[in-house]
Amino acid sequence: MLEEPTPVKERLRKALVFMAEEGARGCMVVHTAGELAGTDEEAVRVVRRDFDLVESVFQALIEEGQQERSLRNVTPYPWAACS
């Protein structure tokens, strides 16, 4: 889905819709984070790894959109503009 030869906006839209639909049924990573965070170091490591992966994929898509000028005035990290 994210590597399809389609415009970045379409890939982002599909990814967000997929995540919203999966989230409605319950995401195992989010449930694990909520139930085991702070009590199971291995679970914390796996959850952090998965969150970092999702973040890096979205960052790469946003940067690709900025380079092809289909996304403008978008900062991958809103707090980056503050520093």
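Anything mentioned here points back to the structure above.
Residues numbered from 1 in each chain as written. Predicted model: local features only at pLDDT ≥ 70, side-chain atom pairs only at ≥ 80, totals over all residues. Heavy atoms only, no water.

**A look at the overall build of the chain**
- Helices and strands together make up the secondary structure of the chain, namely 3 helices and 0 strands.
- N-terminal to C-terminal, the α/β element order of the chain is α-α-α.
- Taking all 83 residues of the chain together, the buried fraction comes to 14%.
- Residue pairs at least 24 apart in sequence account for 37% of intrachain contacts in the chain once pairs closer than 6 positions are excluded.
- Counting only carbon and sulfur atoms, one obtains 58% of the accessible surface of the chain, whose full area is about 6400 Å². (Helix = DSSP H or I, 4+ residues; strand = E, 2+ residues; numbered from the N terminus. Buried < 20%, exposed > 50% of the residue type's maximum accessible area, 1.4 Å probe, protein only. Contact = heavy atoms within 4.5 Å. Areas by Shrake-Rupley, 256 points an atom, 1.4 Å probe, with all protein chains shown as cover.)

**A closer look at the pattern of salt bridges**
- This structure, assessed with the given rule, holds 4 salt bridges.
- Measuring nitrogen to oxygen at the nearest pair gives 2.8 Å for the salt bridge that ties Arg13 to Glu10. Taken as a pair, Arg13 and Glu10 lie in helix H1 (residues 8–25) at a separation of 3 residues, close to a single helical turn.
- Of the charged contacts, one joins Asp50 and Arg49 as a salt bridge, the two residues approaching to 3.1 Å between their closest N and O atoms. (Salt bridge = Lys/Arg side-chain N within 4 Å of Asp/Glu carboxyl O.)

**Re the environment of Ser70**
- Residue placement: Ser70 occurs in the segment after helix H3 (41–67).
- In this structure the C-alpha to C-alpha distance between Ser70 and Pro7, which are 63 residues apart in sequence, comes to 8.1 Å.
- At 2.8 Å, the side chain of Ser70 and the side chain of Glu68 are in polar contact. (Polar contact = N/O pair within 3.5 Å; in protein donor to acceptor, adjacent residues only side chain to side chain.)

**So, a nonpolar patch on the surface**
- On the surface, Leu16, Phe18, Met19 and Val54 cluster together to form a nonpolar patch covering roughly 350 Å² of accessible area.
- Within the fold, Leu16 resides in helix H1. (Patch = residues over 30% accessible without salt bridge, like charges linked within 9 Å, V, L, I, M, F, W, Y side chains within 5 Å.)

**Concerning the packing of helix H2 (residues 28–36) against H3**
- Interaxial distance between H2 and H3 falls to 10 Å at its minimum, and their mutual angle equals 140°. As judged from the angle between their axes, H2 and H3 are oblique. In this structure, H2 crosses over H3, and the sense of that crossing is left-handed. Facing H2, whose interface residues are Val29, Val30, Thr32, Ala33 and Leu36, H3 presents Ala43, Val44, Val47, Asp50 and Phe51.
- Split by residue class, the contact of H2 with H3 holds 8 nonpolar, 1 polar and 1 charged. (Axes fitted to C-alpha atoms, helices over the stretch in contact; angles between N-to-C directions. Parallel < 35°, antiparallel > 145°, perpendicular 65-115°, else oblique. Left-handed = near helix turned anticlockwise from the far one by under 90°. Nonpolar A, V, L, I, M, F, W, Y, C, P; charged D, E, K, R; others polar.)

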